[in-house]
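Coordinates in review
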Amino acid sequence: MEGDQIDAKNSENEKDRLTNIFRNSGVYDFTRDRIDFWVDTLGLSPYRTTAFLYIDDRPVEVNDSSYTEPFKIRKVSEVNVFTDFTYTEKRDKEDYKDHKSYKGYNFYASEKLAYNPKYLANSIIIQPDSIYRATEGQLTRKYLRELQNFKPSLDIIYKEKADGSLRADINL
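Below is a summary of the structure that appears in this document. (Residues numbered from 1 in each chain as written. Predicted model: local features only at pLDDT ≥ 70, side-chain atom pairs only at ≥ 80, totals over all residues. Heavy atoms only, no water.)

Regarding its fold elements, the protein presents three helices and 10 strands. Shown N-terminal to C-terminal, the secondary structure of the protein runs as helices and strands in the order α-β-β-β-β-β-β-β-α-β-α-β-β. In terms of C-alpha radius of gyration, the protein reaches 21 Å, well past the compact-globule figure of 16 Å for 172 residues. With the C-alpha coordinates of the protein rotated into their principal frame, the extents come out at 75 × 40 × 30 Å. Counting across all 172 residues of the protein, residues that qualify as buried make up 34%. A sequence separation of at least 24 residues applies to 47% of the contacts in the protein between residues at least 6 apart. Just so you have it, the protein exposes about 11300 Å², and 49% of that area is on carbon and sulfur atoms. The protein carries 27 positive and 30 negative side-chain charges, and their two centres are separated by 7 Å. (Helix = DSSP H or I, 4+ residues; strand = E, 2+ residues; numbered from the N terminus. Rg over C-alpha atoms; globule rule 2.2 N^0.38 Å. Buried < 20%, exposed > 50% of the residue type's maximum accessible area, 1.4 Å probe, protein only. Contact = heavy atoms within 4.5 Å. Areas by Shrake-Rupley, 256 points an atom, 1.4 Å probe, with all protein chains shown as cover. Lys, Arg positive; Asp, Glu negative; His and termini not counted. Charge placed at Lys NZ, Arg CZ, Asp CG, Glu CD.)

Quick look at helix H3 (residues 134-146) now. With 13 residues, H3 should reach 18 Å at 1.5 Å per residue; the first-to-last C-alpha distance of 19 Å fits that figure. For H3, every residue scored as buried is listed here: Ala-134, Glu-136, Gly-137, Thr-140 and Leu-144. Along the axis of H3, the buried positions cluster into a sector of 165 degrees, meaning they face one direction only. For H3, the elements touching its buried residues are helix H1 (8-23), helix H2 (117-122), strand E8 (130-131), strand E9 (155-160) and strand E10 (166-171). Looking at the residues trailing H3, positive phi occurs at Gln-148, about 55 degrees. (Expected span 1.5 Å × (residues − 1). Arc of directions from axis to C-beta.)

So, on to the pairing of strand E7 (residues 105-109). Burial of E7 is extensive: five of the five residues sit out of reach of the surface. Across five bridges, strand E6 (residues 98-102) lies against E7 in antiparallel orientation. For His-99, the partnering residue across the bridge sits in E7 and is Tyr-108. (Pairing = 2+ DSSP bridges.)

Counting across every chain of the model gives 16 salt bridges. The shortest N-O distance in the salt bridge between Glu-160 and Arg-58 comes to 3.1 Å. Of this pair, Glu-160 sits in strand E9 while Arg-58 sits in strand E3 (residues 58-62); the two residues are 102 residues apart in sequence, bridging distant segments of the chain. Its relative accessible area of 42% is what places Glu-160 among the partly exposed residues. The exposure class of Arg-58 is buried, given its relative accessible area of 11%. A salt bridge links Lys-97 to Glu-111, with the nearest nitrogen and oxygen atoms 3.5 Å apart. In this pair, Lys-97 is assigned in the loop between strand E5 (75-82) and E6 and Glu-111 in the loop between E7 and H2, connecting sequence segments 14 residues apart. Judged on exposure class, the residue Lys-97 and its partner Glu-111 are both exposed. In the salt-bridge network here, residues are joined through shared partners; they are Asp-29, Arg-58, Glu-69, Lys-72, Arg-74 and Glu-160. (Salt bridge = Lys/Arg side-chain N within 4 Å of Asp/Glu carboxyl O.)

Its place among the elements puts Asp-169 in strand E10. The class of Asp-169 is buried, set by a relative accessible area of 5%. Side chain to side chain, Asp-169 and Arg-167 meet in a polar contact 3.0 Å long. Setting aside anything within four residues of it in sequence, one finds Asp-169 in contact with Asn-80, Phe-82, Asp-155, Ile-156, Ile-157 and Lys-159. (Polar contact = N/O pair within 3.5 Å; in protein donor to acceptor, adjacent residues only side chain to side chain.)

Structure (structure tokens):
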């Protein structure tokens, strides 16, 4: 802030604050290591400096090449809930025998759905066709755990689709 002494702790707090703002405003792949502060001590009076905030572009790797591009606001276009997910058996959506949709959420089970999609959807804060917000994933995880019906290892995985939107897979 203007008039404050330069302090590394203030810079770290500002990085955390900005990262939180970006991650809850649709910028899915933003991390705090993209933020740098530059301090210019030349050119001003001996008691004043200028601090610059610099945010790097997003690094992208495709096959054997890498480049950077500006961060984009991402939209969660699809929310899939796998009610009997297991890490020992890797399955695709097509491998699940029971499927129901409710208010834009897709529910999958290997046999018969054991849960009413209406009630599960009430605990899911991530909204289909809305911008990505990190806090929605955290709250969804918290509310689903509070139901005490699922493994503590329940997981939410976001995958980038070809159109740039995100697919949220909730593994219960």
